[in-house]
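Listed here are the chains, written in short residue letters.
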Amino acid sequence: MFEKLSERLEGAFHLLKGRGQITEINVAETLKEVRRALVEADVSYKVAKDFVDRVKEQALGQKVITSLQPGQLMIKIVRDEMARMMGGQAAELNLKGQPAIVLVAGLQGSGKTTFSGKLASFLKRKRSQKVLLAACDVYRPAAIDQLKILGEQVGVEVFSVPGSTDPVHIATQAVAHAKAKGFSTLIVDTAGRLAVDAEMMDEIVRLHRELKPSETLFVVDSMTGQDAVNTAKAFHDAIAYDGVVLTKLDGDTRGGAALSIRSVVDKPIKFVGTGEKSDALDVFYPDRMADRILGMGDVVSLVERAQEQFDAEQARALSKKIATNKFGFDDFLAQIQQIKKMGSMKDLMGMIPGVGKAVKDLDISDDAFKHIEAMIHSMTPQERQNPSLINGSRRKRIAAGSGTGINEVNKLIKQFEDMSKMMKKMQGGGAKQLASMMGRR
Amino acid sequence: MGLFDLFKKKKESERAEDEQRMDRGLDKTRENLLGRMARMLVGKSKVDADVLDELESVLIEADLGVETTVRVIRKLEENVARDPYLKPSELEGHMRKAVLELMEPKSEEPNTVPPTGLKVILVVGVNGVGKTTTIGKLGLRFQQQGLKVMLAAADTFRAAAIDQLKVWADRSGVDFVAQSMGSDPAAVAHEALQRALSSESDVLLIDTAGRLHNKVNLMQELSKIRRVLEKLLPGAPHEVLLVLDASTGQNALEQARQFTAATQVTGLVLTKLDGTAKGGVVVAIASEFQLPVRFVGLGEGIEDLQVFDAQIFVNSLFKTV
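Before going into details, it helps to say that this report is about the structure given with it.

Basis of the calculations
Residues numbered from 1 in each chain as written. Chains lettered and ligands numbered in written order. Predicted model: local features only at pLDDT ≥ 70, side-chain atom pairs only at ≥ 80, totals over all residues. Heavy atoms only, no water. Salt bridge = Lys/Arg side-chain N within 4 Å of Asp/Glu carboxyl O. Helix = DSSP H or I, 4+ residues; strand = E, 2+ residues; numbered from the N terminus. Buried < 20%, exposed > 50% of the residue type's maximum accessible area, 1.4 Å probe, protein only. Contact = heavy atoms within 4.5 Å. Buried area = accessible area lost by both parts, 1.4 Å probe. Polar contact = N/O pair within 3.5 Å; in protein donor to acceptor, adjacent residues only side chain to side chain. Nonpolar A, V, L, I, M, F, W, Y, C, P; charged D, E, K, R; others polar. Core = buried A, V, L, I, M, F, W, Y, C linked by side-chain atoms within 4.5 Å. Expected span 1.5 Å × (residues − 1). Phe/Tyr/Trp six-rings, centres within 6.5 Å; stacked < 30°, edge-to-face > 60°. Lys NZ or Arg CZ within 6 Å of the ring centre and 35° of its normal. Pairing = 2+ DSSP bridges. Right-handed = clockwise from strand over helix to strand, strands pointing away. Axes fitted to C-alpha atoms, helices over the stretch in contact; angles between N-to-C directions. Parallel < 35°, antiparallel > 145°, perpendicular 65-115°, else oblique. Left-handed = near helix turned anticlockwise from the far one by under 90°.

Residue and element names in this part refer to chain A. By the definition in use, this model includes 28 salt bridges over all chains. In this structure, Glu92 engages Arg127 in a salt bridge whose closest nitrogen and oxygen atoms are separated by 2.9 Å. One end of the pair, Glu92, is in the loop between helix H4 (70–86) and strand E1 (100–106); the other, Arg127, is in the loop between helix H5 (112–126) and strand E2 (131–136), and 35 residues separate them in sequence. The salt bridge involving Glu203 is made with Arg193; its shortest N-O contact spans 3.1 Å. Of this pair, Glu203 sits in helix H8 (residues 198–211) while Arg193 is found in the loop between strand E4 (185–190) and H8, placing the two residues 10 residues apart along the sequence. When its relative accessible area of 0% is taken as the criterion, Arg193 is described as buried. Sharing partners across several salt bridges, the network here consists of Arg54, Glu81 and Arg84.

On the chain A side, the residues contacting the 44 residues of chain B number 32 residues. Around 3,300 Å² of area is buried between chain B and chain A when both sides are counted, 56% of it from carbon and sulfur atoms. Summed over the shared surface of chain B and chain A, the result is 2 salt bridges. A salt bridge links Asp250 of chain A to Lys215 of chain B; the nearest nitrogen and oxygen atoms lie 2.4 Å apart. Taken together, the links from chain B to chain A amount to 13 residue pairs in polar contact (both at pLDDT 80 or more). A per-class count over the side of chain B that touches chain A returns 12 nonpolar, 15 polar and 17 charged.

Counting through the fold element by element, Ser247 of chain B comes out in the loop between strand E5 (239–245) and helix H9 (251–263). Leave out the neighbours within four places in its chain, and Ser247 of chain B touches Met223, Thr224, Gly225 and Asp227 of chain A together with Asp63 and Ala277 of chain B.

Along the chain, Glu54 of chain B falls in helix H2 (residues 49–61). Measuring from C-alpha to C-alpha, the distance between Glu54 of chain B and Val70 of chain B comes to 12 Å, with 16 residues separating the pair along the chain.

What follows deals with the nonpolar core. All names here are of chain B. Met103, Val120, Leu151, Leu204, Leu205 and Ile206 are the most contacted members of the largest nonpolar core, which totals 90 residues. Per-element tally for this core: the top contributor is helix H4 (residues 88–103), with 7 residues. Setting aside residues up to four positions removed in sequence, Leu205 forms contacts with Ile121, Ile135, Leu138, Gly139, Phe142, Val149, Met150, Leu151 and Ala152.

Turning next to helix H5 (residues 131–144) of chain B. Residues and elements named next belong to chain B. With 14 residues, H5 ought to run about 20 Å at 1.5 Å a step, and its terminal C-alpha atoms sit 20 Å apart, in line with that. Those residues of H5 that fall on the buried side of the exposure criterion are Lys131, Thr132, Thr134, Ile135, Gly136, Lys137, Leu138, Gly139, Leu140, Arg141 and Phe142. At the C-terminal side of H5, Gly146 shows a positive phi close to 85°.

Here we take up unusual backbone geometry. Residue Pro99 of chain A is reached from Gln98 of chain A by a cis peptide bond, and omega for that bond is 0°. You can see Pro99 of chain A is positioned in the loop between H4 and E1. At the junction of Ala236 of chain B and Pro237 of chain B, the peptide bond is cis and its omega measures out at -10° in the coordinates. Here Pro237 of chain B lies in the loop between helix H8 (216–232) and E5. The backbone of Ala240 of chain A sits at a positive phi, close to 40°, despite the residue not being glycine. In this structure Ala240 of chain A comes out as partly exposed when scored by relative accessible area, which is 40%. Phi is positive for Gln290 of chain B, which is not a glycine, with a value near 55°. With respect to the helices, strands and loops of the structure, Gln290 of chain B is situated in the loop between helix H10 (281–289) and strand E7 (293–297).

Let's shift gears to the packing of aromatic side chains. For the structure shown, the criterion picks out 8 aromatic pairs over all chains. For the ring pair Phe115 of chain A and Phe271 of chain A, a centre distance of 6.0 Å and an interplane angle of 50° mean the geometry is tilted. On the criterion of sequence distance, the pair formed by Phe115 of chain A in helix H5 and Phe271 of chain A in strand E7 (residues 269–273) is long-range, its members being 156 residues apart. Neither residue differs from the other here; Phe115 of chain A and Phe271 of chain A are each classed as buried. Consider the rings of Phe218 of chain A and Tyr241 of chain A, whose centres lie 4.9 Å apart with planes at 15°: the pair is stacked. Placement of Phe218 of chain A in strand E5 (residues 215–221) and of Tyr241 of chain A in the loop between helix H9 (228–239) and strand E6 (243–247) is noted, with a sequence separation of 23 residues between them. Among the residues examined, Tyr241 of chain A registers a relative accessible area of 0% and is labelled buried. Site record: aromatic cluster; members linked through ring pairs are Phe115, Phe122 and Phe271 of chain A. Taking the ring centre of Phe183 of chain A as reference, the NZ or CZ of Lys130 of chain A above it sits at 4.5 Å. Cation over ring: Arg171 of chain B sits above Trp168 of chain B, and NZ or CZ is 4.6 Å from the ring centre.

All names here are of chain A. Burial within E5 is extensive, with 7 of its 7 residues counted as buried. Alternating positions in E5 separate into two faces, Glu215, Leu217, Val219 and Asp221 on one and Thr216, Phe218 and Val220 on the other, with burial throughout. Sheet analysis places E1 next to E5, joined by 5 bridges and oriented parallel. When the bridges of E5 are listed, Ala105 appears paired with Phe218. Direction of pairing for E5 relative to E6: parallel, over a ladder of 5 bridges. Bridge pairing links Val219 to Val245 in E6. Each parallel crossover has a hand, and the one from E5 via H9 to E6 is right-handed.

Turning to the packing of helix H7 (residues 167–181) of chain A against H8 of chain A, a few remarks are in order. Residue and element names in this part refer to chain A. Contact pair H7 / H8: the axes reach a minimum separation of 9 Å and the direction vectors enclose 20°. Viewed along their axes, H7 and H8 adopt a mutual orientation that is roughly parallel. H7 and H8 meet at a crossing whose hand is right-handed. Residues Pro167, Val168, Ala171, Thr172 and Val175 of H7 form the contact with H8, whose own contacting residues are Glu203, Arg206, Leu207, Glu210 and Leu211. Taken together, the residues of the contact of H7 with H8 break down into 6 nonpolar, 1 polar and 3 charged.

All names here are of chain A. One open sheet accounts for 8 strands, arranged E3-E2-E4-E1-E5-E6-E7-E8; its pairing is mixed. The outermost strands of the open sheet, each flanked by one partner alone, are strand E3 (157–159) and strand E8 (281–282). Of the pairings in the sheet, the one linking E6 to E7 comprises 3 bridges and is parallel in character. Opposite Val244, over in E7, you have Ile269 as the bridge partner. The sheet contacts of H7 involve E1, E2, E3 and E4, and relative to E2 the element is tilted by about 165°.

Residue and element names in this part refer to chain A. Where burial is concerned, most of E4 is hidden: 6 out of the 6 residues are buried. Burial along E4 is two-sided: the residues Thr185, Ile187 and Asp189 and Leu186, Val188 and Thr190 are all buried. By the bridge criterion, 5 bridges tie E1 to E4 in an arrangement that is parallel. Note on E4: the bridge partner recorded for Ile101 is Leu186. Sheet analysis places E2 next to E4, joined by 6 bridges and oriented parallel. Among the inter-strand pairings, Val131 is bridged to a residue of E4, identified as Thr185.

Residue and element names in this part refer to chain B. A sheet is described by the order of its strands in space; here 8 strands give the open sequence E3-E2-E4-E1-E5-E6-E7-E8, paired in mixed fashion. In this open sheet, the two strands that pair with only one neighbour each are strand E3 (175–177) and strand E8 (305–307). Sheet twist, expressed as the average angle between the axes of neighbouring strands with direction ignored, equals 20°. Relative to strand E6 (residues 267–271), E5 runs parallel, the two sharing 5 bridges. Bridged to Leu244 within E6 is Leu270. Against the sheet, H10 makes contact with E5, E6 and E7, and its axis sits at roughly 180° relative to E6, the strand it touches most.

Encoded structure:
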């Protein structure tokens, strides 16, 4: 699923190849693909549209360094903006109050009860809180039993009022119990409800008003589609929650709901659920989420590394050499070394969209360049500067010196000549040509 | 007709009633769609690119997904090209038709179900979609139809899942089979099937633990349940229902793909359609995997679990007020 998307983005990149700057024209196709990618990742249609428009404003006119394509740079801008949007505020829980009250609300089946159990365990272990859980889901059969079992598993007391059908009553009793017994935090688990269910929404509003929680959390399934904006907004209108919990992220959903929700209510995602075990609770990483929504593998890391490693001065010298036909094996070697600086071949290949999964289980040796380096090292300085010198007997010597065969030397020289020609045509796409040449070997 | 004679379509009068109930559930959806369609069509005598663009956004916001939306729009465009004087008011009918066509099964479903004897229904899905609730409601429904029903609690993982199903079994007064929490779900299924056979039950409904479809081990566990049933009673399970939450987005496609691979899903149940979620992803699933939607959940009440009717579903989506 991810691969298909990345391939399309690559397709869009092709249109931008060889352009030095992000302009209105070369960016349009990429942005269209980004928008489609976002929508397919379940980002709300409107949110995706607004988001892409905003990013476009930022991107126009940005200079593109030569080893990158504008499309790739574009993706990085998109991703960074997305991470910025979803991140920002500190995500710590507000545990003021005696006891601090955490109210947990959301749709049916979003994972409130499981999350409540996990949060109790987290606060007990990591924040040294004395935690009490209150079971206020009086509707779903056995919901209270479920919380009791979870409480038992993590060693946290669960408060319930057998026979009571009034969640507000149970919750206020729980507060009294927590005060009397010196609990520092009370987590109130509630029944799932649809935002259009007026009666049930009224109930959660009353609970919220009565409890005055220091922290109200909205729990939402990360697989939620276009409806996420409606639900998130309706709950926010009702109880103005302080943070969002994104559950079931251990699935393979792209999780566009995270972006949708963040753009309709300005509240941070404080936790993510990553499994069924009681400790499968994680803090939220905006960067990772952005990558996931884009389904980009790690193209962004690749871009960043290229940016880090790229020496603008060297690049200028190189392109001058290409232009004047002075590109030699020394420069070729320098390029190889530059690529090698960026990381292992497998890592690099894995970061290229569309290649990612294919190489995951493949054994790619970092020695791919070794023979080439050895052959170049076996050349004299004159030969490196002027490859046309290399005749038959020189080739024999180079093969012997590098421990390779004459065939390999022939192949290298042939490929080098092809590449020089191509580079002269393309001016600047050197690293990429080199990479594709390596791929063919 | 196969097994779902059990759930056979009602008389016309009841059907109208169903339609009304569906309408209520889908009210939010329809207002939204119609409001937007009306707005975009105001003052236009011809369907132009703008209108098609706008339709596209309407479909995508109903969770149909990009690919399915493009297919619907393409069908529309063909019609528009054929008839340049197509009025916007006629568009709705075309749109309804396009969606319906996508949802129609391409071939008749094979009738492998014995005319008499025990029918085994295995219910699967990711966490929190409403499997247990669906089974509870189905059990009562069958019981009310005069069938001898047994529920089996093969969700031995989630805390209190067994208790939850037991409450439903007690409510409707049907037979109930469970082992202790943490026991092998395939063993529960096996025991349940044996007991259902010896007690000459008509329907056995098997609940399973929610699992994310990318968890290989858990999916293999489901395959095992299926194999165990098949071995004991050739032809079982007669129906494998995948339960989907209407608010789920495009990931539902992947769910359908993986659950079908593991258990040969034969039909869908779409739950929680009474909220603002539109459940449009089932259009994509129905067309891509040829999986019919069997039931929709339109509320918390027992009567709110409805036999799915594509005509009603689509009509309801595009009906003018």
